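# Report on the structure
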Amino acid sequence: MSDMTWFTILSTLGAALAVAIGMMFPALAMGRAISQALDALARQPEAEKSVMRTLFIGLAMIESLAIYVLVIVLIILFRNPLLEYLVTGS
């Protein structure tokens, strides 16, 4: 197999691993945040607005981490700077 084939295979596997890990942890964090928010609402229903506002801000921050992972993976797959080095051979 050529260097280009190995590079493509390893880049694809690395991207798949990054997506798997990079999406798993934010999903777990979202589940925990929602669980804790529901627990807080069950204990203090009168604090609903404050808890929900904080929950949505936190969920947006967690989701942004997952989006950053997606952007980096897309860069690795479609615009990898190392690919140019491999093609030119210098």
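Structural data are supplied above this passage.
Source: prediction; values computed, not measured.

### As for the packing of helix α1 (residues 3-43) against helix α3 (residues 81-88)
- The N-to-C vectors of α1 and α3 enclose an angle of 170°; their axes lie 10 Å apart at closest approach. For the element pair α1 / α3, the angle class is roughly antiparallel. Between α1 and α3, the residues in contact are Asp3, Met4 and Phe7 and Leu82, Leu83, Leu86 and Val87, respectively.

### Examining the nonpolar core
- Counting residues in hydrophobic clusters, the biggest one holds five residues: Ala37, Leu41, Val51, Leu55 and Leu59.
- Going through the elements one at a time, α1 and α2 (48-78) are the ones with two or more residues in this core.
- Leaving out residues up to four positions away in the same chain, Leu59 has contacts with Met30, Ala33 and Ile34.

### Examining the packing of α1 against α2
- Two elements in contact, α1 and α2, have axes whose closest approach is 9 Å; the angle formed by their N-to-C orientations is 180°. Between α1 and α2, the interaxial angle falls into the category roughly antiparallel.
- Here the contact of α1 with α2 is composed, by residue class, of 23 nonpolar, three polar and two charged.

Scoring rules and cut-offs
Residues numbered from 1 in each chain as written. Predicted model: local features only at pLDDT ≥ 70, side-chain atom pairs only at ≥ 80, totals over all residues. Heavy atoms only, no water. Axes fitted to C-alpha atoms, helices over the stretch in contact; angles between N-to-C directions. Helix = DSSP H or I, 4+ residues; strand = E, 2+ residues; numbered from the N terminus. Parallel < 35°, antiparallel > 145°, perpendicular 65-115°, else oblique. Contact = heavy atoms within 4.5 Å. Core = buried A, V, L, I, M, F, W, Y, C linked by side-chain atoms within 4.5 Å. Buried < 20%, exposed > 50% of the residue type's maximum accessible area, 1.4 Å probe, protein only. Nonpolar A, V, L, I, M, F, W, Y, C, P; charged D, E, K, R; others polar.

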